[in-house]
Every structure is written in structure tokens, then in C-alpha cells.
Amino acid sequence: MYASRPLTLMNTYGRQMEEFQPLEPGRVTMYTCGPTVYSYAHIGNFRAYIFADILRRTLEYNGFEITQVRNITDVGHLTNDTLSTGVDKMEAAARSQNASPWDIARHITEVFLDDAAKLNIEAPEHMPRATEYIGPMIDLIEVLVSRGYAYAAGGDVYFDVSKFPKYGALSGNTIEDLIGGHRVEVGEGKKSPADFSVWRSAGPDKIMRWDSPWGMGVPGWHLECSAMAIDLLGPEIDIHTGGEDHIFPHHEDEIAQSEAATGRRFSRFWLHNGWLQIGDSEKMSKSLGNIFTLSDLADRGIHPLSFRYFTLQAHYRTPLNFSWDALAAAQTGLYRLWEGAAELCQMATSEQPTDDATKFQAGFHEAINRDLDTSVALSVLHSVVGSKLSAGEKLTLIGDFERVLALDLIPMAKTLSQTSGAERTLLRERETARAIRDFARSDVLRDQLRASGVEVKDTPGGQRTIRKDVLPSFRNDDGEDEPG
Ligand code: AMP
Ligand code: ZN
């Protein structure tokens, strides 16, 4: 058992570093805003989910038991969620593809979960689909209306921000700023431009719509998360996560609705990740048409975990610039770790250590507990591999760090160490050739092994092997690296 250490996190609410303690000792409730399943999640989106995964794993590393919700938004997310206007993203995708929104949602969700698994993102305990929670959503709106926080207007229902004095506390926006920055859409029944919709009427031309006390319609995206969070985790949760763009309006609105309805503090910690950028300053986003998916990366020979490693090199709150060169460099770094771990697996584990394992473990734990400083945590990992610890101790530490980093270091070390019966025969022959100093024969055998996919390295402890044929190689397709 390792020493317990304080865990400090940057709370967007208040914008300061705070020591984390859950409401209930030992147990953490966490809500992560999930994907809108109208089109494939891109690697920018996955930066957000890798960050939430690192947070979750860090909490687990610190001994907490986690209940995490990461929803699937399959209705209600509008093309302009700041103004509460535009069209439903699911509905628009269905129309443009002449397909059912339900089929699109099912397919995109499947691919999302597949990609998340490839990135070693642990499955949350709950993954509710918004369309399964329409009942609790309507109940929540009814509470808001009955308490005077929301009002109906022509089949729509709006949240009245003037009734919630804390509105703006998360984002730093004032109602005056918001009114100044908003246009009132023609035909809207809002009392104030700053009010946002919690229910929108939907006519017979809409594919997805439900009956409600205000007529046929769909819930607002912000309201969906409030309803699912309260239903699955209760009125007060410990941590809520999302990308920076969620601070306003999405999370501000979640706070307003949830707290107005329950009278309790909705989430004690709010954590937000920075952008994956492209071209040094532009956010990777579907609407800008500059996205790459995990499958685009695979087409260029980038392993999914190289992307995970790439994101961990930066702090989750800082912008991270995507480029193929940077990704290829990350892949080289990860492969070096995998190969180093493979070599450790093939070494005798009984040597005497001449370095202090606890020093490395403390360094790692302190780094991740300092607002998830994964870049320092990775450098501790590299130091362990290059240290004077025994192979056994190194592997123990790597296994320990893997609980948070999840880079497949141990399974890949085993995969890279595998040899076939025929290859082992060649290795034994080569050992004999070297023993009798027949280096010409030894070189021939090395070439034969290489042709079979195995690279041999001679060390004072004997031959070490690395299977090279299981790892994808980055293809530098010049001229083809435009966003797709
Ligand atoms: P969405 O499916 O649009 O709701 O986005 C899913 C998650 O990805 C949200 O937490 C967004 O804030 C996050 N996100 C979107 N684009 C990026 C990006 N370029 N970099 C980091 N996170 C992003
Ligand atoms: Zn949300």
C-alpha cells in the first residue's frame, strides 16, 4: 500500500486549485458530457474523453470507488447551442443522409464505443441515451415551471435566468453581457434574450418528438444532462467534466436548471479540457471541416494508443497542436517504451537494485495528483525504464503506473517478446554460432530472423528479441495530410 497524498484539481468553478475530497468518503460520483451521435467522433472529441479517463483512473489510483455517467446525446443538441437556435444535429444528419436518426445514432454509438475501447478509455458505469430519459426530463421541466424558474411560451419552455441569481458564476458571464451578445429570434416567446430553452415544440415534420404537457416537442440539450445526472447520481455530484466549450452555455445552464430544481449544489468540481488544435490555433471541429478520426490515423499507420500517449504529453488544460509529425514522434516515444518493457520481460528479475523504487513511485503519484500532470508522470515512467532498478522492480512500477496511463505497456511487452518455434530454433543456433565466434553465421541468422519479423539485440545477458511485425508504421504521405 502506497502513502496517501492530497489530490488537487483545478476547479473551473472559482478558477482555483482545490484539494479534492468527495461528499461521501471513499466514493466519487462523476458526470462526463458524452458524444452527440450524429457523426463520427473525431480525435479532438477523444482528447476530452481521454482526459476524463485519466481523471477517473487517477481517482481509482487514489483508492476511490467511482460511479461515472457518460451520456449519449441522441436528440436535442442544436447546431447553435449558444443562442438555442438552429436545427437538431440528429435531425439534420438524418435528413441529409436520408436515413433514420435512430439508425444513425445506433451506428455512430457503436463506432464511438469501439474507438473508446481502442484508446483504453474505461467504460463508465452508466451510458444513458438521452432518448431513454424523456420521462425524467419532462418531470424536471415540470418542477422548474412549478417553482417559477421556467415558463411556457407557445409550445416551448424557457428557463428564466433572471430568477437564478447565480447565473454566470461558472463562466464569468453576467446577464447584461449575455443580453448584449444575444439576438432575439423572430417568433420566439422568450422574456429575455438570455433565457434558454428547456423544451422546444416539434411539429409533424420532425422525426424525433415526444408528447408533453406543452405539446409535442423535444428536450433541450442542457436539460438532458441535468436530468440524467440527477436521475443516476443524485442531486449533488462530486465532479463534472467536459471540453472548454461546454463551460458556457452548456454547463452554466446545467447548473441553473439542476440547482433551481433541487435547491442543492449540483457539482462541487468542474473540470474542463483544452482544445486539440490544428494549424497551431484552430480548434479541431466538425463545423470547421478540419477533423481526423481514429480510422484516419490508422490509415496512416498511427496506433490508437500513440494518440493517447500524444495527448498525455501535454497538460489537459493546455491547447495541444495536432500535426502528423508530432503524432509520429509520439508513436516513436511509445514504441520505445513498449520495446524497453519487452526487453525487461526477457531479463532475469533477480538482480540487485541500485536505485530507489519508492522515489519513482512518489514522483509519479505526486505528478498525477497535481491536477493530472501526465507529462511529468510520463517523464517519471521514462526515468524508471532508464534507471538502475532491477528489471523486476521496473516492471512492478510500470504495472503500477499503467493503472493511470493505460498504454498497454505490459501486454505489448509480452506481444513484442513472442517468438515462434522456428524462430526459437534460429535463436538457439545463433547463440551457438556466437559462442564459437562464428559471426558470419550469426549475421546470416540475424537476417533470417529479421525477415521473419524479429529484431535481435545482443546484450551482456544474452539475446533479446523484439517482434517488429505487429506494430503499424507511420506512413508519411506528403501532400495527403490535409484534413478529411
Ligand atoms: P460533442 O459531441 O460536440 O458534444 O463533443 C464531445 C466532447 O468533445 C465535448 O466535451 C467537447 O467539449 C469536446 N471537444 C470537441 N472538440 C474538441 C477539440 N478540438 N479538442 C478537445 N475537446 C473537444
Ligand atoms: Zn452535458
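Predicted model, so just to flag it, every value in this text is computed and none were measured.

A. Up close: the overall build of the protein chain. From N to C terminus, the protein chain includes 16 helices and 17 strands. For the C-alpha atoms alone, the extent of the protein chain along its principal axes is close to 90 × 50 × 35 Å. Considering the protein chain as a whole, with its 484 residues, one finds that 55% of them fall into the buried category. Within the structure as shown, the protein chain displays about 20300 Å² of accessible surface, and the carbon and sulfur contribution to it stands at 50%. Between the centroid of the 49 positive side chains of the protein chain and the centroid of its 69 negative side chains there is a distance of 5 Å.

B. Broad picture of the coordination of the zinc ion (ligand 2). Protein coordination of the zinc ion (ligand 2) is provided by Cys-33 (SG), Cys-225 (SG), His-250 (NE2) and Glu-254 (OE), with donor distances spanning 2.0 to 2.7 Å. Taken together, the four donor atoms surrounding the zinc ion (ligand 2) define angles of 76 to 133° at the centre, an arrangement classified as irregular. Written as a sequence motif, the donor arrangement for the zinc ion (ligand 2) is C-x191-C-x24-H-x3-E. Of this pair, Cys-33 sits in the loop between strand S3 (27–32) and helix H1 (43–61) while Cys-225 is found in helix H6 (residues 221–233), placing the two residues 192 residues apart along the sequence. Classification of Cys-225 by relative accessible area gives buried; the value is 1%.

C. Fine view of the domain arrangement of the protein chain. Partitioning the protein chain into domains gives domain 1 (8–273), domain 2 (294–417) and domain 3 (421–470). Measuring from the centre of the C-alpha atoms in domain 1 to the corresponding centre in domain 2 gives 34 Å. At the interface, 26 residues of domain 1 touch 33 residues of domain 2. For the pairing of domain 1 and domain 2, the buried interface totals around 2500 Å² over both sides, and the portion due to carbon and sulfur atoms is 61%.

D. Quick peek at the sheet that holds strand S10 (residues 217–219). Spatially, the four strands line up as an open sheet ordered S7-S8-S9-S10, and their pairing is antiparallel. Sheet topology places strand S7 (150–153) and S10 at the edges, where each strand pairs with a single neighbour. In this sheet, adjacent strand axes meet at a mean angle of 20° when their direction is disregarded. Inspection of the sheet shows S7 paired to strand S8 (residues 156–159) by four bridges, in the antiparallel sense. Paired with Tyr-151 across the two strands is Tyr-158, which belongs to S8. Docked against the sheet, helix H7 (residues 247–262) engages S8 and strand S9 (196–201), running at close to 80° with respect to S9.

E. How the structure looks around the sheet that holds strand S11 (residues 237–243). Across the sheet, four strands lie side by side as S4-S3-S11-S12; this open sheet has parallel pairing. Here the strands that pair on one side only, and so sit at the sheet edges, are strand S4 (65–70) and strand S12 (267–273). Averaged over neighbouring strand pairs, the angle between their axes works out to 20° when direction is ignored. The sheet contact formed by S11 and S12 spans six bridges and is parallel. Bridge pairing links Ile-237 to Ser-267 in S12. Contacts between H1 and the sheet are confined to S3, S4, S11 and S12, with S3 contributing the most and set at about 180° to the helix.

F. How the structure looks around the packing of H6 against H7. It is at 8 Å that the axes of H6 and H7 come closest, and there the two elements cross at 50°. Relative to H7, the element H6 is oriented oblique. Crossing of H6 against H7: the hand is right-handed. Every residue of H7 that contacts H6 at Trp-221, His-222, Leu-223, Cys-225, Ser-226 and Ile-230 is listed here: Pro-249, His-250, Asp-253, Glu-254, Gln-257, Ser-258 and Thr-262. The residue makeup of the contact of H6 with H7, split by class, is five nonpolar, six polar and two charged.

G. Representation of the nonpolar core in the model. Residues Leu-59, Ile-239 and Phe-307 are the most contacted members of the largest nonpolar core, which totals 79 residues. Viewed by domain, this core spans two of them, domain 1 (8–273) and domain 2 (294–417), each represented by three or more residues. The contact partners of Phe-307, leaving out residues within four places of it in the chain, are Ile-43, Phe-46, Arg-47, Ile-50, Leu-119, Leu-276, Leu-297 and Leu-327. Core analysis: the next-biggest nonpolar cluster, separate from the first, contains 54 residues, Ile-104, Ile-134, Leu-144 and Ile-230 among them.

H. Geometry of the pairing of strand S2 (residues 16–19). Pairing analysis gives four bridges linking strand S1 (residues 8–11) to S2, with the strands arranged antiparallel. Bridge pairing in S2 links Thr-8 to Glu-19. Hairpin connection between S1 and S2: a loop of four residues separates the two successive antiparallel strands, and Gly-14 in this loop has a positive phi of roughly 100°.

I. View of the environment of Thr-332. When you line up the elements, Thr-332 lands in helix H10 (residues 324–345). Considering only alpha carbons, one finds Thr-332 and Ser-306, 26 residues apart in sequence, at a separation of 8.4 Å.

J. Main features of H1. For H1, with 19 residues, the first-to-last C-alpha span of 26 Å sits near the 27 Å given by 1.5 Å per residue. Most of H1 sits inside the fold, with 17 of its 19 residues counted as buried. Positive phi shows up at Gly-63, right after H1, with a value of about 90°.

K. Up close: the side chain of Asn-11. Relative to the elements of secondary structure, Asn-11 occurs in strand S1. Classification of Asn-11 by relative accessible area gives buried; the value is 0%. There is a polar contact of 3.1 Å between the side chain of Asn-11 and the side chain of Glu-18. With residues near it in sequence (within four places) discarded, Asn-11 still touches Gln-16, Glu-18, Arg-268, Phe-269 and Trp-270.

Cut-offs applied
Residues numbered from 1 in each chain as written. Chains lettered and ligands numbered in written order. Predicted model: local features only at pLDDT ≥ 70, side-chain atom pairs only at ≥ 80, totals over all residues. Heavy atoms only, no water. Helix = DSSP H or I, 4+ residues; strand = E, 2+ residues; numbered from the N terminus. Buried < 20%, exposed > 50% of the residue type's maximum accessible area, 1.4 Å probe, protein only. Areas by Shrake-Rupley, 256 points an atom, 1.4 Å probe, with all protein chains shown as cover. Lys, Arg positive; Asp, Glu negative; His and termini not counted. Charge placed at Lys NZ, Arg CZ, Asp CG, Glu CD. Donors = N, O, S within 2.8 Å, 3.2 Å for Na, K, Ca; no water. Tetrahedral: all angles 85-135°; square planar, octahedral: opposite > 155°, others 65-115°. Domains from an automatic or database assignment. Contact = heavy atoms within 4.5 Å. Buried area = accessible area lost by both parts, 1.4 Å probe. Pairing = 2+ DSSP bridges. Axes fitted to C-alpha atoms, helices over the stretch in contact; angles between N-to-C directions. Parallel < 35°, antiparallel > 145°, perpendicular 65-115°, else oblique. Left-handed = near helix turned anticlockwise from the far one by under 90°. Nonpolar A, V, L, I, M, F, W, Y, C, P; charged D, E, K, R; others polar. Core = buried A, V, L, I, M, F, W, Y, C linked by side-chain atoms within 4.5 Å. Expected span 1.5 Å × (residues − 1). Polar contact = N/O pair within 3.5 Å; in protein donor to acceptor, adjacent residues only side chain to side chain.

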